[in-house]
Amino acid sequence: MSEGAVLHLKGRVLVGPDDVRDELWVVDGRVTFERPAMARDAMTVAGWVLPGLVDAHCHVGLDAHGPVDDATSEKQALTDRDAGTLLVRDAGSPSDTRWIDDRADLPRIIRAGRHIARTRRYIRNYAHEIEPEDLVAYVAQEARRGDGWVKLVGDWIDRSTGDLSACWPAGAVEAAIAEAHRLGARVTAHCFAEESLAPLVEAGIDCVEHATGLTEDTIPLFAERGVAIVPTLVNIATFPQLAAGGEAKFPRWADHMRRLHARRYDTVRAAHDAGVPVYAGTDAGGSLSHGLVADEVAELMKAGLSAVAALSATTWGAREWLGRPGLTEGAPADLVVYEADPRADVRVLAAPRLVVLRGRAIG
């Protein structure tokens with residue numbers, strides 16, 4: 001499809017969970033539902049159309065060892081794009097990936113800057129490792145570097161106890177979140193354990209990643225405050241393997257990780273049923289490969305979300321949460337076409353028929 005060509009998509013256009021149209025057009029890279037004058041010359045594709053998928057927890061420019069070169073970052077971004085992920089919330093990366101914004105063939109990225117962790121309390125080479133007295137300054141720095149988000153590491157293994165524990169005193173994290181909000185940024189945090197959650201919510205946090213430690217005591221607090229979670233269930237599936245690898249040194253932690261894994265679906269279902277916003281994220285770019293968003297949506301359904309709710313977690317709802325348009329009149333044409341109805345079987349997300357990014361057909 002050449003630049004300036006008109007694309008006609010017909011069949012079922014899933015504008016929203018309750019808004020289904022028969023067709024749309026892509027003209028000058030934008031969505032329109034009005035038949036254009038040059039419609040006769042349009043390329044027509046039939047199928048089921050969704051807004052470009054969202055991976056709300058991804059890491060471009062990062063692998064298991066730390067920052068990667070631009071060629072590797074490009075490969076990661078292309079893998080996501082070809083899987084239909086056209087919007088990424090990059091939940092922490094030590095690499096400068098701003099050059100991707102100049103590439104019309106790569107997904108759009110919303111960055112959270114670099115992870116901010118407690119000294120020796122996170123994966124080596126990933127984060128700024130600091131102490132609580134420097135937290136506000138580093139949050140301000142990453143708020144200015146990011147695209148409206150900041151990423152904290154909320155808990156990690158405490159070597160003195162051999163188990164997960166909160167990284168930050170309540171006062172420090174409250175001041176840091178207030179500073180991020182003053183600068184117009186939202187704050188999210190990596191959290192596996194139970195005890196770190198309530199202080200973060202009470203400090204005003206906007207989102208929690210993984211959130212495996214949610215319980216019947218903290219779920220109502222999340223729901224009341226409107227704090228979102230991104231469960232990254234494809235990552236949580238690795239907990240037994242992680243536990244086996246660390247059991248000799250940290251047996252208490254290993255047991256804890258197995259218990260969090262065992263109740264992962266119940267945790268997500270209870271949160272969703274209570275009204276906690278849930279979004280799809282894969283945690284790709286650390287130890288996981290990119291392009292897994294379809295697997296994450298299927299995992300959300302295993303946790304008890306309906307097909308429409310699981311789809312919304314990676315399309316309509318996720319885009320609204322991140323402040324990015326979907327299939328609305330005049331919006332940039334970022335969309336994916338499928339052979340069958342994803343509401344009937346979300347597994348079709350794994351095989352896009354056509355990806356359209358910035359109005360151009362990719363494949």
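Please refer to the structure placed before this passage.
Residues numbered from 1 in each chain as written. Predicted model: local features only at pLDDT ≥ 70, side-chain atom pairs only at ≥ 80, totals over all residues. Heavy atoms only, no water.

Draft legend 1. Quick peek at the side chain of Lys151. Mapped onto the elements, Lys151 comes out in strand β12 (residues 149-153). Look at Lys151: it is buried, it has no salt bridge, and the nearest opposite charge is Glu209 at 5.8 Å. Separated by 2.9 Å, the side chain of Lys151 and the backbone oxygen of Ala91 make a polar contact. (Helix = DSSP H or I, 4+ residues; strand = E, 2+ residues; numbered from the N terminus. Buried < 20%, exposed > 50% of the residue type's maximum accessible area, 1.4 Å probe, protein only. Lys, Arg positive; Asp, Glu negative; His and termini not counted. Salt bridge = Lys/Arg side-chain N within 4 Å of Asp/Glu carboxyl O. Polar contact = N/O pair within 3.5 Å; in protein donor to acceptor, adjacent residues only side chain to side chain.)

Draft legend 2. Highlighting the sheet that holds strand β2 (residues 19-27). Here seven strands make up an open sheet; going across it, the order is β3-β2-β1-β4-β18-β19-β20 and the pairing mixed. Both outer strands of the open sheet, β3 (30-32) and β20 (360-361), are each paired with one neighbouring strand and no more. Relative to strand β19 (residues 354-357), strand β18 (residues 335-338) runs antiparallel, the two sharing three bridges. Residue pairing across strands places Leu335 opposite Val356, the latter belonging to β19. (Pairing = 2+ DSSP bridges.)

Draft legend 3. Structural detail: helix α7 (residues 239-246). Inspection of α7 places Phe239, Ala243 and Gly246 among the buried residues, and these make up the whole buried set. Along the long axis of α7, the arc covered by the buried residues comes to 75 degrees, so they all point the same way. With respect to the buried face of α7, the exposed residues turned more than 90 degrees away are Gln241, Ala244 and Gly245. Residues of α7 that are buried in the fold lie against α6 (233-236) and α8 (251-262). (Arc of directions from axis to C-beta. Contact = heavy atoms within 4.5 Å.)

Draft legend 4. Representation of the packing of α7 against α8 within the structure. Packing of α7 against α8 leaves a shortest axis separation of 8 Å and a crossing angle of 170 degrees. One element, α7, and the other, α8, form an angle in the roughly antiparallel class. Mapping the contact onto sequence places Phe239, Pro240, Leu242, Ala243, Ala244 and Gly246 in α7 and Pro251, Trp253, Ala254, Met257, Arg258, Leu260 and His261 in α8. Looking at the contact of α7 with α8 residue by residue, the classes come out as ten nonpolar, two polar and one charged. (Axes fitted to C-alpha atoms, helices over the stretch in contact; angles between N-to-C directions. Parallel < 35°, antiparallel > 145°, perpendicular 65-115°, else oblique. Nonpolar A, V, L, I, M, F, W, Y, C, P; charged D, E, K, R; others polar.)

Draft legend 5. Expanded view of the packing of aromatic side chains. By the definition in use, this model includes five aromatic pairs. Note on Tyr122 and Tyr126: the rings are 6.0 Å apart at their centroids and 75 degrees apart in plane angle, and the pair reads as edge-to-face. On the basis of relative accessibility, which here comes to 12%, the residue Tyr122 falls in the buried class. Between Phe192 and Phe239 the ring centres are 4.8 Å apart and the planes differ by 70 degrees, which places this aromatic pair in the edge-to-face class. On the criterion of sequence distance, the pair formed by Phe192 in the loop between β15 (186-191) and α4 (197-202) and Phe239 in helix α7 is long-range, its members being 47 residues apart. The residues Phe192 and Phe239 share a single accessibility class, namely buried. Among the aromatic residues, ring-to-ring pairing joins Tyr122, Tyr126 and Trp156 into one connected group. (Phe/Tyr/Trp six-rings, centres within 6.5 Å; stacked < 30°, edge-to-face > 60°.)

Draft legend 6. Representation of unusual backbone geometry. At Arg120, a position not held by glycine, the phi torsion is positive, near 60 degrees. Residue placement: Arg120 occurs in the loop between β10 (116-118) and β11 (128-130). Residues other than glycine seldom take positive phi values, yet Asp283 does so here, at roughly 65 degrees. Along the chain, Asp283 turns up in the loop between α9 (264-273) and α10 (293-302). Using a relative accessible area of 13% as the deciding quantity, one classes Asp283 as buried.

Draft legend 7. The sheet that holds strand β5 (residues 53-58), seen in detail. Overall, parallel pairing links the three strands, which are arranged β5-β8-β9 in an open sheet. On the outer flanks of this sheet lie β5 and β9 (108-111), each paired with one strand and no other. Here the strands of the sheet are splayed against their neighbours by 20 degrees on average, with no regard to which way each runs. Here strand β8 (residues 85-90) runs beside β9; their pairing, made up of four bridges, is parallel. For Arg89, the partnering residue across the bridge sits in β9 and is Ile110.

Draft legend 8. Main features of the side chain of His115. Within the element layout of this structure, His115 appears in the loop between β9 and β10. Polar contacts involving the side chain of His115 include one to the main-chain carbonyl oxygen of Ala91, which spans 3.5 Å. Not counting chain neighbours up to four residues away, the residues in contact with His115 comprise His59, Leu62, Ala91, Gly92, Ser93, Tyr122, Tyr126, Ala127, His128, Lys151 and Val153.

Draft legend 9. Main features of the environment of Thr119. Tracing the sequence through the fold places Thr119 in the loop between β10 and β11. Distance from Thr119 to Val88, taken between C-alpha atoms, is 28 Å for residues 31 residues apart in sequence. Apart from residues lying up to four places away in sequence, Thr119 is in contact with Glu129, Ile130 and Glu131. Within polar-contact distance, the side chain of Thr119 engages the side chain of Glu131 at 2.8 Å.

No statement about biological role is implied by the geometric values presented.
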